[in-house]
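A structural walkthrough
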Amino acid sequence: MDFKNEWQDGVKAAREKAYTPYSNFKVGAFLIAKDGTTFDGCNVENAAYGDCICAERTALVSAIAQGYKPGDFEALVVTTDTPTPSSPCGSCRQVIKELCDDEMPVYLTNIKGNVIKLTVDDLLPLGFSGRDLEDVK
Ligand SMILES: O=c1ccn([C@H]2C[C@H](O)[C@@H](CO)O2)c(=O)[nH]1
Ligand SMILES: [Zn+2]
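Rules used in this analysis
Residues numbered from 1 in each chain as written. Chains lettered and ligands numbered in written order. Predicted model: local features only at pLDDT ≥ 70, side-chain atom pairs only at ≥ 80, totals over all residues. Heavy atoms only, no water. Near = heavy atom within 4 Å. Polar contact = N/O pair within 3.5 Å; in protein donor to acceptor, adjacent residues only side chain to side chain. Areas by Shrake-Rupley, 256 points an atom, 1.4 Å probe, with all protein chains shown as cover. Nonpolar A, V, L, I, M, F, W, Y, C, P; charged D, E, K, R; others polar. Phe/Tyr/Trp six-rings, centres within 6.5 Å; stacked < 30°, edge-to-face > 60°. Buried < 20%, exposed > 50% of the residue type's maximum accessible area, 1.4 Å probe, protein only. Helix = DSSP H or I, 4+ residues; strand = E, 2+ residues; numbered from the N terminus.

**A closer look at the site of ligand 1**
- In the vicinity of ligand 1, the residues found are Ser23, Phe25, Val27, Asn43, Glu45, Cys54, Ala55, Glu56, Ser87, Pro88 and Cys89.
- Within the side chain of Asn43, one N or O atom sits 2.9 Å away from an oxygen atom of ligand 1.
- Relative to its free-state accessible area of 370 Å², ligand 1 is covered by the protein chains to the extent of 78%.
- In the shell around ligand 1, the residues fall into six nonpolar, three polar and two charged.

This is the structure:
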């Protein structure tokens, strides 16, 4: 699926909801399901800094909580207000791999409109997954 301009409006609106009193680094995520339903994600920080959660994970967790399943997703868009798009952290990469197909596109954007297209496999090559657990003796 190619990038759609309306996704950029969606991810910008999601970013506006970020709760970032500590870093003031707002991240938006916009997850598009194959049935056209979309899920907003934003980072939600905490005074206990280690309990901050990223935008990518809030979008994915929201979709799962609303009954969507791995394999239901078509694309994920992320945005930051940075000169070049920033890239998901390691924890998000692992969660994206768990819930999205390896070939699913991930669009890294910034609010001025730069777009970098990657896949889940690009973000976490040779990643650990449930398939590895099947090899247990
Ligand atoms: O991919 C990322 C990287 C960081 N953050 C958030 C976590 C924290 O709130 C802030 C600074 O790390 O940005 C995200 O939402 N997604
Ligand atoms: Zn993250």
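**Some points on the packing of aromatic side chains**
- This structure, assessed with the given rule, holds six aromatic pairs.
- Between Phe3 and Trp7 the ring centres are 5.9 Å apart and the planes differ by 90°, which places this aromatic pair in the edge-to-face class.
- Overall, the relative accessible area of 23% leaves Phe3 in the partly exposed class.
- For the ring pair Tyr22 and Tyr49, a centre distance of 5.7 Å and an interplane angle of 50° mean the geometry is tilted. In this pair, Tyr22 is assigned in the loop between helix 1 (5-16) and strand 1 (27-33) and Tyr49 in the loop between strand 2 (38-42) and helix 2 (55-65), connecting sequence segments 27 residues apart.
- We classify Tyr22 as partly exposed; its relative accessible area is 42%.
- Members of the aromatic cluster, joined through ring pairs, are Phe3, Trp7 and Tyr107.

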